[in-house]
Amino acid sequence: SEEYQMLSGEVSRVVNALCFDPEKKMYKDGSETKTYSMHTSIFAILAGIADAARTDALVDLLDAEDVTKCTFVMNHYLLRALEKCGRYDRAARVFLGWRPMVENGCTTWCETPVNSRSECHGFSAAPLCDFSRNILGVRIGYENEIFIKPSILQI
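What counts, and where the lines are drawn
- Residues numbered from 1 in each chain as written.
- Predicted model: local features only at pLDDT ≥ 70, side-chain atom pairs only at ≥ 80, totals over all residues.
- Heavy atoms only, no water.
- Helix = DSSP H or I, 4+ residues; strand = E, 2+ residues; numbered from the N terminus.
- Buried < 20%, exposed > 50% of the residue type's maximum accessible area, 1.4 Å probe, protein only.
- Contact = heavy atoms within 4.5 Å.
- Areas by Shrake-Rupley, 256 points an atom, 1.4 Å probe, with all protein chains shown as cover.
- Lys, Arg positive; Asp, Glu negative; His and termini not counted.
- Charge placed at Lys NZ, Arg CZ, Asp CG, Glu CD.
- Axes fitted to C-alpha atoms, helices over the stretch in contact; angles between N-to-C directions.
- Parallel < 35°, antiparallel > 145°, perpendicular 65-115°, else oblique.
- Left-handed = near helix turned anticlockwise from the far one by under 90°.
- Nonpolar A, V, L, I, M, F, W, Y, C, P; charged D, E, K, R; others polar.
- Core = buried A, V, L, I, M, F, W, Y, C linked by side-chain atoms within 4.5 Å.
- Phe/Tyr/Trp six-rings, centres within 6.5 Å; stacked < 30°, edge-to-face > 60°.

Enquirer: How do you make sense of the overall build of the protein when you look at a structure like this?
Expert: When helices and strands are tallied, the protein shows seven helices and six strands. When the helices and strands of the protein are read in sequence order from the N terminus, they spell out α-β-β-β-α-α-β-α-α-α-α-β-β. Dimensions of the protein, computed from the C-alpha atoms along their principal axes, are close to 45 × 45 × 25 Å. Looking at the protein as a whole, 35% of its 155 residues qualify as buried. Put simply, 47% of the contacts in the protein that link residues at least 6 apart link residues at least 24 apart. Carbon and sulfur atoms provide 57% of the accessible area of the protein, an area that totals close to 9,900 Å². With 17 positive and 21 negative side-chain charges, the protein shows a separation of 3 Å between the mean positions of the two kinds.

Here it is in structure tokens:
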């Protein structure tokens, strides 16, 4: 485990040195580009590459106009990142993306928000997991205990 911890630290150091833009306060999509996406910020949070101060700033900048947005498949990871860094209050905005499906009478989840070719995609089903886990607050402990701690998130 020491070897992997060392490698993880080295990867974090290199990513922070080459991809973090201190002026923008975000991670670039690559070391040689000036483009930004929610994806790189999400993975920096989930991988623990961004420290607490950077994480908070990243979450605040996710809605910036010049940041490429996630589609349904990545929204699952976005919700995990918000949960990990204690900013799940921002999840209400994420769930708004699914509202048109309900308004259009869909009975399963669309592939993409616009011009969807299919209405049966598991990767678009993040609300199902999140409603039970984070909105209703139902979790199972290590010894099969059931914990219920509802969220006050307004959707």
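Enquirer: Would you explain the packing of helix H4 (residues 72-84) against helix H7 (residues 126-135) in this entry?
Expert: Two numbers describe a pair of packed helices, the interaxial angle and the distance between the axes. The interhelical angle for the contact between H4 and H7, taken along N-to-C directions, is 25°, at an axis separation of 10 Å. As far as their axial angle goes, H7 and H4 are roughly parallel. Helix-helix and strand crossings are classified by hand; for H4 and H7 the assignment is right-handed. When H4 is examined against H7, the residues His 76, Leu 79, Arg 80 and Glu 83 are found in contact with a partner set consisting of Ala 126, Asp 130, Arg 133 and Asn 134. Of the residues that constitute the contact of H4 with H7, the class distribution is two nonpolar, two polar and four charged.

Enquirer: When you look at the nonpolar core in this model, what are you seeing that I'm missing?
Expert: A general tendency of soluble globular proteins is for nonpolar side chains to be buried together. Judged by nonpolar contacts, the single largest core of 34 residues is most densely connected at Tyr 27, Tyr 88 and Phe 95. The element contributing the most residues to this core is H4, with six residues. Aside from chain neighbours lying at most four places away, what touches Tyr 88 is Leu 79, Arg 80, Leu 82, Glu 83, Phe 95, Asp 130, Asn 134, Ile 135 and Leu 153.

Enquirer: Got a minute to help me understand the packing of aromatic side chains in this structure?
Expert: Two measures describe an aromatic ring pair: the distance that separates the ring centres and the angle between the ring planes. Under the definition given, this model contains five aromatic pairs. Aromatic side chains Phe 20 and Tyr 27 sit 5.0 Å apart centroid to centroid with 65° between the ring planes, which places their arrangement in the edge-to-face category. By relative accessible area, which is 1% here, Tyr 27 ends up buried. Geometrically, the ring pair formed by Phe 72 and Trp 98 is tilted, given 5.0 Å between the ring centres and 35° between the ring planes. Remark: Trp 98 occurs in the loop between helix H5 (91-95) and helix H6 (99-103) and Phe 72 occurs in helix H4; sequence separation between them is 26 residues.

Enquirer: Explanation requested: the packing of helix H2 (residues 38-46) against helix H3 (residues 52-61) in the structure shown.
Expert: Two numbers describe how H2 lies on H3: the axes approach to 10 Å, and their chain directions differ by 150°. By the angle between their axes, H2 is roughly antiparallel relative to H3. H2 and H3 meet at a crossing whose hand is left-handed. Note on element contacts: H3 touches H2 through Thr 55, Leu 58 and Val 59, opposite Ser 41, Ala 44 and Ile 45. For the contact of H2 with H3, the residue count by class is four nonpolar, two polar and no charged.

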